Each structure stands twice: as structure tokens, then as C-alpha cells.
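Read off the chains here:
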Amino acid sequence: MTQQQYQQCIDACLECMNACNVCYISSLKEYDLAMLRDCIRLSRECAEICAFAAQAMTRGSDFVGEICELCLKACEACAAECGKHGHDHCQECAEACRKCAEACRIMAAVA
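Presented here is a report on the structure given in the accompanying data block. Quantities reported herein were computed from a predicted structural model and do not represent experimental measurements.

### Points about the packing of helix H1 (residues 3-28) against helix H2 (residues 37-59)
Thinking step 1. Two elements in contact, H1 and H2, have axes separated by 8 Å at closest approach and are oriented at 155°. Taken together, the axis directions place H1 and H2 in an arrangement best described as roughly antiparallel. Seen along the crossing, H1 lies across H2 with a hand that is left-handed.
Thinking step 2. Of the residues assigned to the contact of H1 with H2, the class counts are 20 nonpolar, four polar and one charged.

Following this line, the structure appears as C-alpha cells:
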């Protein structure tokens with residue numbers, strides 16, 4: 001595992017964390033909160049898991065593989081949910097989640 005591979009995954013996690021936070025805040029401002037309930041919940045949780053994964057990789061944690069596996073699952077779930085909604089913030093969140101999931105898939109396989 002090279003430092004560049006670590007950095008690519010860290011960057012993907014941080015980008016995803018930011019997109020999830022934007023989606024979370026923007027969704028709370030939408031008219032139909034009931035429709036976005038799962039989106040709000042998952043985007044918030046995914047942001048926290050992405051932040052944790054980035055921190056773990058930065059520290060060189062012994063559990064990077066397992067943490068990236070968790071991040072992969074959270075990102076896939078968030079991408080699936082946010083992808084159902086037409087709002088720009090949801091679509092941008094879903095795309096960032098898909099990119100992060102792929103980066104974490106690679107990291108989990110080699111860590």
C-alpha cells in the first residue's frame with residue numbers, strides 16, 4: 001500500500017463526508033421531510049463514518065481494512081438512498097458516495 005493510495009482514499013472519504021453533510025443540511029431545508037427521512041439519517045451517519053475512516057487512515061490504524069469495509073457499506077447504502085431523490089444535493093451525495101465506496105473497496109482489499 002503506497003502513501004498515494006492511502007491519500008486517494010482519504011481524499012475520497014473527505015469529499016464524501018462533505019457531500020453527505022451538504023445533503024444532510026440541505027435535506028433538512030426541503031419541504032417534504034418525511035420523504036427524505038432515510039436520506040437525512042443515512043447521509044449524517046455516512047458523513048461520520050467517512051470522517052472516522054479518514055482519521056483512521058491518517059493515523060495508520062491497524063484496523064484500516066475493517067473500517068474501510070464499514071465505510072464501503074455505509075457509502076453504498078447512502079448512495080442507494082440518495083440516488084432515489086431528484087434534488088441536486090442528493091445526486092451529488094450519491095455520486096461522492098459511489099466514488100468513496102470504490103476507493104474503500106480497494107483499501108479494504110489490500111489493507
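### Here we look at the pattern of salt bridges
Thinking step 1. Tallied over the entire structure, the rule returns six salt bridges.
Thinking step 2. Between Glu 48 and Arg 44 there is a salt bridge, and its shortest N-O distance comes to 3.3 Å. Pair noted here: Glu 48 and Arg 44 are both in helix H2, with a separation of four residues, about one helical turn.
Thinking step 3. Arg 44 gets classed as partly exposed once you look at its relative accessible area, which sits at 32%.
Thinking step 4. Across the pair Glu 81 and Lys 84 runs a salt bridge, and its minimum N-O distance is 3.2 Å.

### What to know about the environment of Leu 36
Thinking step 1. Its location among the elements puts Leu 36 in the loop between H1 and H2.
Thinking step 2. Expressed as a C-alpha distance, the spacing of Leu 36 and Cys 90, which sit 54 residues apart in the sequence, is 9.7 Å.
Thinking step 3. Leaving out residues up to four positions away in the same chain, Leu 36 has contacts with Ser 27, Glu 30, His 85, His 87 and Cys 90.

### Examining the nonpolar core
Thinking step 1. In terms of nonpolar packing, the biggest core is built from 44 residues, with Cys 13 and Met 57 touching the most fellow members.
Thinking step 2. Secondary structure elements with two or more residues in this core: H1, H2, helix H3 (64-82) and helix H4 (88-110).
Thinking step 3. Every residue in contact with Met 57, bar those within four places of it in the chain, is listed here: Tyr 6, Cys 9, Ile 10, Cys 13, Val 64, Cys 68 and Met 107.

Here is what the cut-offs are and how they apply
Residues numbered from 1 in each chain as written. Predicted model: local features only at pLDDT ≥ 70, side-chain atom pairs only at ≥ 80, totals over all residues. Heavy atoms only, no water. Axes fitted to C-alpha atoms, helices over the stretch in contact; angles between N-to-C directions. Helix = DSSP H or I, 4+ residues; strand = E, 2+ residues; numbered from the N terminus. Parallel < 35°, antiparallel > 145°, perpendicular 65-115°, else oblique. Left-handed = near helix turned anticlockwise from the far one by under 90°. Nonpolar A, V, L, I, M, F, W, Y, C, P; charged D, E, K, R; others polar. Salt bridge = Lys/Arg side-chain N within 4 Å of Asp/Glu carboxyl O. Buried < 20%, exposed > 50% of the residue type's maximum accessible area, 1.4 Å probe, protein only. Contact = heavy atoms within 4.5 Å. Core = buried A, V, L, I, M, F, W, Y, C linked by side-chain atoms within 4.5 Å.

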